[in-house]
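Close look at the chain arrangement
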Amino acid sequence: MKRRELIAAGAASSGLLLVACGDKDGAYVDRILIEKSKRVMTLFASNKVVKQYRIHLGFAPLGHKQFEGDGKTPEGRYFIKSKNPNSAFHLSLEISYPNRADVAYAHARGRSPGGDIFIHGGPRRQENLAKKDWTAGCIAVSDKQMEQVYKWVRVGTLVEIKP
């Protein structure tokens, strides 16, 4: 059996859709599901699980992000807005928070909704990693995991964030 066939057979037996993520741009992941209460991020391609990761969230993870500085991770439907290979947090994928409803809610209360919400790796300085939830509202994975995610996800990918 050829190497490629062995890899495909192994992926099929493990339930992972690795062959769909084989190109250099990783253009096959079409949905990211983040379940805050489970601390899990799942990547999907054509409704099949590609990979799951344990995650860290904002320092005040309960509830939907409403205001700048609240330490919450948003909830709702967003998309990947941009990719940053030079991030201070070892690669990052920008999430399209805030959307119109987020902006309207915050502005109606005379506040800023905040922004700069990303899926990213660890910080350059490692002291925060001992905490369960250490980001300012982002979703964090290990650097090695972020390298996979960054490769497999493209701008425009749907991101669903559930409580």
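Right above here is the structure, for reference.
Residues numbered from 1 in each chain as written. Predicted model: local features only at pLDDT ≥ 70, side-chain atom pairs only at ≥ 80, totals over all residues. Heavy atoms only, no water.

Glancing now at the side chain of Glu-94. Relative to the helices and strands, Glu-94 is located in strand 5 (residues 92–95). No salt bridge is formed by the buried Glu-94. Its closest oppositely charged neighbour is Lys-81, at 4.0 Å. Within the structure, the side chain of Glu-94 is placed 2.8 Å from the side chain of Ser-82, a separation counted as a polar contact. In this structure, Glu-94 is in contact with Phe-79, Ile-80, Lys-81, Ser-82, Ile-117 and Phe-118, ignoring residues within four places of it in sequence. (Helix = DSSP H or I, 4+ residues; strand = E, 2+ residues; numbered from the N terminus. Buried < 20%, exposed > 50% of the residue type's maximum accessible area, 1.4 Å probe, protein only. Lys, Arg positive; Asp, Glu negative; His and termini not counted. Salt bridge = Lys/Arg side-chain N within 4 Å of Asp/Glu carboxyl O. Polar contact = N/O pair within 3.5 Å; in protein donor to acceptor, adjacent residues only side chain to side chain. Contact = heavy atoms within 4.5 Å.)

Throughout the structure, instances matching the rule amount to 3 aromatic pairs. With centroids separated by 6.0 Å and ring planes inclined at 65°, the aromatic side chains of Tyr-78 and Tyr-97 adopt a geometry described as edge-to-face. Of this pair, Tyr-78 sits in strand 4 (residues 76–84) while Tyr-97 sits in the loop between strand 5 and helix 2 (100–108); the two residues are 19 residues apart in sequence, bridging distant segments of the chain. One exposure class covers both Tyr-78 and Tyr-97, and it is buried. Residue placement shows Arg-109 over the ring face of Tyr-105; its charged tip is 3.6 Å from the ring centre. The ring of Phe-67 is capped by Arg-111, whose NZ or CZ atom sits 4.1 Å from the centre of that ring. (Phe/Tyr/Trp six-rings, centres within 6.5 Å; stacked < 30°, edge-to-face > 60°. Lys NZ or Arg CZ within 6 Å of the ring centre and 35° of its normal.)

The full count for this structure, using the stated rule, is 6 salt bridges. With its nearest N and O atoms 2.9 Å apart, the salt bridge here joins Glu-75 to Lys-36. Of this pair, Glu-75 sits in the loop between strand 3 (48–54) and strand 4 while Lys-36 sits in the loop between strand 1 (31–35) and strand 2 (40–45); the two residues are 39 residues apart in sequence, bridging distant segments of the chain. Take Glu-75: its relative accessible area is 19%, and that puts it in the buried class. By relative accessible area, Lys-36 is classed as buried at 3%. Beyond isolated ion pairs, a larger network of salt bridges with shared partners links Arg-31, Arg-77 and Glu-160.

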